[in-house]
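In case you want the letters, here they are:
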There are 2 protein chains.
Amino acid sequence: MGGRRIICLGCAFWDSIFKVDEIPRHGTKLLAEQAVQAASGMATAAAATIARLGGMVELWTRIGDDATGDAYLQNLALERVDTGQVRRVPGGRTWISTVLVDRAGERLAVPFADPALDPDPGWLPLARVAGAGAVLVDVRWPAGAHALLTQARRDGVPTVLDADIAPPALLRDLIPLADHVLFSEPALQSLVPGADIDAALAAIADGIDAAVIGVTCGARGALIRRRGDRTTLAVPSIPIAVQDTLNAGDVWHGAYVHGLVEGWPLERRVRLANVAAAIKCERFGGRLGAPGLAEVMARADT
Amino acid sequence: MGGRRIICLGCAFWDSIFKVDEIPRHGTKLLAEQAVQAASGMATAAAATIARLGGMVELWTRIGDDATGDAYLQNLALERVDTGQVRRVPGGRTWISTVLVDRAGERLAVPFADPALDPDPGWLPLARVAGAGAVLVDVRWPAGAHALLTQARRDGVPTVLDADIAPPALLRDLIPLADHVLFSEPALQSLVPGADIDAALAAIADGIDAAVIGVTCGARGALIRRRGDRTTLAVPSIPIAVQDTLNAGDVWHGAYVHGLVEGWPLERRVRLANVAAAIKCERFGGRLGAPGLAEVMARADT
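Residues numbered from 1 in each chain as written. Chains lettered and ligands numbered in written order. Predicted model: local features only at pLDDT ≥ 70, side-chain atom pairs only at ≥ 80, totals over all residues. Heavy atoms only, no water.

(A) Expanded view of the side chain of Ser184 of chain B. For Ser184 of chain B, the position within the fold is in strand S11 (residues 180-184). Only 2.9 Å separates the side chain of Ser184 of chain B from the side chain of Asp164 of chain B, close enough to count as a polar contact. (Helix = DSSP H or I, 4+ residues; strand = E, 2+ residues; numbered from the N terminus. Polar contact = N/O pair within 3.5 Å; in protein donor to acceptor, adjacent residues only side chain to side chain.)

(B) Representation of the sheet that holds strand S2 (residues 13-19) of chain B within the structure. All names here are of chain B. Judged by pairing direction, the sheet is mixed, and its four strands sit side by side in the order S3-S2-S7-S8 without closing on themselves. Of all strands in the sheet, those with a lone pairing partner are strand S3 (34-40) and strand S8 (107-112), marking the two edges. Strand after strand, the sheet turns through a mean of 15 degrees between neighbouring axes, direction not considered. Packing against the sheet, helix H2 (residues 67-76) makes contact with S2, S3 and strand S7 (95-101), and its axis sits at approximately 90 degrees to S3. (Pairing = 2+ DSSP bridges. Axes fitted to C-alpha atoms, helices over the stretch in contact; angles between N-to-C directions. Contact = heavy atoms within 4.5 Å.)

(C) Broad picture of helix H1 (residues 42-52) of chain B. Residues and elements named next belong to chain B. H1 sits mainly inside the fold: 10 of its 11 residues count as buried. Along H1, the residues classified as buried are Met42, Ala43, Thr44, Ala45, Ala46, Ala47, Ala48, Thr49, Ile50 and Ala51. One or two steps after H1, the chain reaches Gly54, where phi turns positive at roughly 100 degrees. (Buried < 20%, exposed > 50% of the residue type's maximum accessible area, 1.4 Å probe, protein only.)

(D) Summary view of the sheet that holds strand S3 (residues 34-40) of chain A. Residues and elements named next belong to chain A. Judged by pairing direction, the sheet is mixed, and its four strands sit side by side in the order S3-S2-S7-S8 without closing on themselves. Edge positions in the sheet fall to S3 and strand S8 (107-112), since each has one partner strand and no second. Here the strands of the sheet are splayed against their neighbours by 15 degrees on average, with no regard to which way each runs. Strand direction decides the pairing type here: strand S2 (residues 13-19) and strand S7 (residues 95-101), joined by seven bridges, are parallel. Within the sheet, the bridge partner assigned to Lys19 lies in S7 and is Val101. Sheet strands touched by helix H2 (residues 67-76): S2, S3 and S7. Its angle to S3, the strand with the most contacts, is close to 90 degrees.

(E) Up close: the relation of the copies chain A and chain B. Once turned by 180 degrees and shifted 0.0 Å along the axis, chain A lies on chain B with an RMSD of 0.0 Å. This pairing of chains is accounted for by a two-fold axis. Comparing interface residues between copies, 100% of those in chain A also sit at the interface in chain B, which points to an isologous, same-surface contact. (Least-squares fit on C-alpha atoms with pLDDT ≥ 70 in both.)

(F) Region of the structure containing the packing of H1 of chain B against helix H7 (residues 248-262) of chain B. All names here are of chain B. One can describe the packing of H1 onto H7 by two numbers: an axis separation of 8 Å at closest approach and a directional angle of 50 degrees. When the axis of H1 is compared with that of H7, the two are oblique. Helix-helix and strand crossings are classified by hand; for H1 and H7 the assignment is right-handed. When H1 is examined against H7, the residues Met42, Ala45, Ala46, Thr49 and Ile50 are found in contact with a partner set consisting of Asp250, Val251, Gly254, Ala255 and His258. (Parallel < 35°, antiparallel > 145°, perpendicular 65-115°, else oblique. Left-handed = near helix turned anticlockwise from the far one by under 90°.)

(G) Structural detail: the pattern of salt bridges. Residues and elements named next belong to chain B. Taken as a whole and assessed by the stated rule, the structure comprises 33 salt bridges over all chains. When the shortest N-O distance is used, the salt bridge between Arg87 and Asp118 registers 3.1 Å. Linking Arg87 in strand S6 (residues 86-89) with Asp118 in the loop between S8 and strand S9 (134-137), this pair joins segments that are 31 residues apart in sequence. A relative accessible area of 26% means that Asp118 is categorised as partly exposed. In this structure, Arg268 and Asp301 form a salt bridge, with 3.1 Å as the shortest nitrogen-oxygen distance. A residue pair is termed long-range when its members are at least 10 positions apart, and Arg268 in helix H8 (residues 266-281) and Asp301 in the segment after helix H9 (293-300) qualify at 33 residues. (Salt bridge = Lys/Arg side-chain N within 4 Å of Asp/Glu carboxyl O.)

(H) Structural view of the interface of chain A and chain B. Between chain A and chain B, the contact holds 36 residues from the first and 36 residues from the second. Secondary structure elements with two or more residues in the side of chain A that touches chain B: S2, S3, H2, S7 and S8 of chain A. With six residues, S8 of chain A is the largest single contributor of residues to the side of chain A that touches chain B. Taken together, the residues of the side of chain A that touches chain B break down into 18 nonpolar, 10 polar and eight charged. (Nonpolar A, V, L, I, M, F, W, Y, C, P; charged D, E, K, R; others polar.)

(I) Local environment of unusual backbone geometry. Backbone geometry at Asn247 of chain A places phi at a positive 70 degrees, although glycine is not the residue there. The residue Asn247 of chain A is located in the loop between strand S14 (233-235) and helix H7 (248-262) in this model.

(J) Structural detail: the pairing of strand S1 (residues 5-9) of chain A. Residue and element names in this part refer to chain A. In terms of burial, S1 is largely enclosed, as five of its five residues are buried. Taken together, the five bridges between S1 and strand S4 (residues 56-64) define a ladder with parallel strand orientation. Its bridge partner being in S4, Arg5 is matched across the sheet by Met56.

(K) Just the environment of Val86 of chain A, in detail. Residue and element names in this part refer to chain A. Within the element layout of this structure, Val86 appears in strand S6 (residues 86-89). Given a relative accessible area of 12%, Val86 falls into the buried group. Separated by 142 residues in the primary sequence, Val86 and Gly228 place their C-alpha atoms 38 Å from one another.

(L) The arrangement of the environment of Ala234 of chain B in detail. All names here are of chain B. Inspection of the secondary structure assignment puts Ala234 in strand S14 (residues 233-235). Relative accessible area serves as the criterion here: at 54%, Ala234 is assigned to the exposed category. In sequence terms Ala234 and Val215 are 19 residues apart; their C-alpha atoms lie 9.9 Å from each other. With residues near it in sequence (within four places) discarded, Ala234 still touches Ala222 and Leu223.

(M) The packing of aromatic side chains, seen in detail. Residues and elements named next belong to chain B. The final tally for this structure, using the stated rule, is six aromatic pairs over all chains. When the ring of Phe13 is compared with that of Trp95, the centres are 5.3 Å apart and the planes differ by 50 degrees; the resulting orientation is tilted. One end of the pair, Phe13, is in strand S2; the other, Trp95, is in strand S7, with 82 residues separating them in the sequence. Of the two residues, Phe13 and Trp95, both sit in the buried class. (Phe/Tyr/Trp six-rings, centres within 6.5 Å; stacked < 30°, edge-to-face > 60°.)

(N) Representation of the packing of H2 of chain A against H2 of chain B within the structure. Axis separation between H2 of chain A and H2 of chain B bottoms out at 9 Å; the angle between their running directions is 170 degrees. Taken together, the axes of H2 of chain A and H2 of chain B are roughly antiparallel relative to one another. Packed against H2 of chain A, whose contacting residues are Ala67, Asp70, Ala71 and Gln74 of chain A, the element H2 of chain B presents Ala67, Asp70, Ala71 and Gln74 of chain B at the interface. By residue class, the composition of the contact of H2 of chain A with H2 of chain B is four nonpolar, two polar and two charged.

Function cannot be read off these values alone, since they describe shape.
Following this line, the structure appears as structure tokens:
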């Protein structure tokens, strides 16, 4: 029986998220109706989601030793995420991203990931992996993800990959290391071009040994296959009015891993992940809209 | 004879500036080639420019007591700007702005100026105005600008207005309080709709008692009229390859006020302001591209 502690590893961004009427077609000045800033990035947003759901989570990532990194940590201190393993790279610049979200929920995201921020995973406290309940990695820090997934395999800790769009060679390197391979739709399509989504999922599932493979499909919910299944399970979402889909996938993955360590059955945890992501989309402000557990339960069962 | 100390008053923004290939027409993800962050806003950028030119400058503005405000002050600590009179509003949120600059130098600016940030100018240390060499205000903090210009008039300290685009009633309130009224082109046109720029300048000059009235015209330099002049003086800029025009007007106004307290003759200080702004436009990164004095002098005289 594993513990309940989840390790999330991946990218860290300081996000500035602006609500605008319409994303303009020309250079101009556009007054934002609202704006928020948040410690974000895929693994960061997933970790904050797990904390809101009541999970025990630590975040392994790297930021600069700059004022933006201070803001990132101060913001995460508002969530119950253990940031004791966040590395501050001397002289490094924390990654930043700006997102414009328009009235229709369409968005323009502009990330700047400073390539100079030291990617060496040699500092990772891999001795902490044994005894964890699960590890979740994103694809934005490949060397770190590879090191953590490899160690978790060695220690018998379940591994979950948030397989978002990335160079195919990188996805193919990480996929065999994960027990739960959970794609975004564009990432899955990038690996099996031209196939419909169900066929693409089946094609990937045939080639690997993961316990679970799946793909999130936004408002349509998620498609899931267990190892050995001959058919795909479609798990629906709930109807919502979309305000902002930013970080919806990260919230989904956080909720999924939380459900995994809590022992929720597969279909139940996918359903709850769908609902958590849907609730997030009802609210402006990226991962700041991630719900608590009671809210997810209430919406899932109505 | 006035002192050399300049007081700049106005808005404070924490800017995130992204260099992108092209500003997209649809919501998407767009990787930035480069990004910088800077303490900015019109008066802030002017103050930093004055410091780089070797002037003595203090900044009167207001920010939140949040992590973004910390970043703003840390960034200004890299310039020789006196920030001892920057008010940190308890519970306030520092204003933020994101700017995308594309390959052609076109830009999309998205400011969020939290209306909840206390605008009351009652805390302004107006006893410090006497003995200053000049004051410069922008139009983004009307109550503060009004208070400072009024006090400076009382104390016989020269007043400079950076008259950028703003509600016409607000411009008409501040213009009579300034000895040097220096418009941006759109702001001037907003007051005299339909007139060509020279006629607009003449029309405004006829109604007020300012010592100098002028308008900045980007690559075409600036147009200036002294009180009582029957003609307009056109002061050219220098030819450049534009990278980023963000804060060019603020750099221009900072250089102008610096020249004023240094006693540079009118045409000379307008020429040097044109050159300082032009050099800034050659560099990506908003006001971070403001030049030092030696560089301005070298380019102005070639």
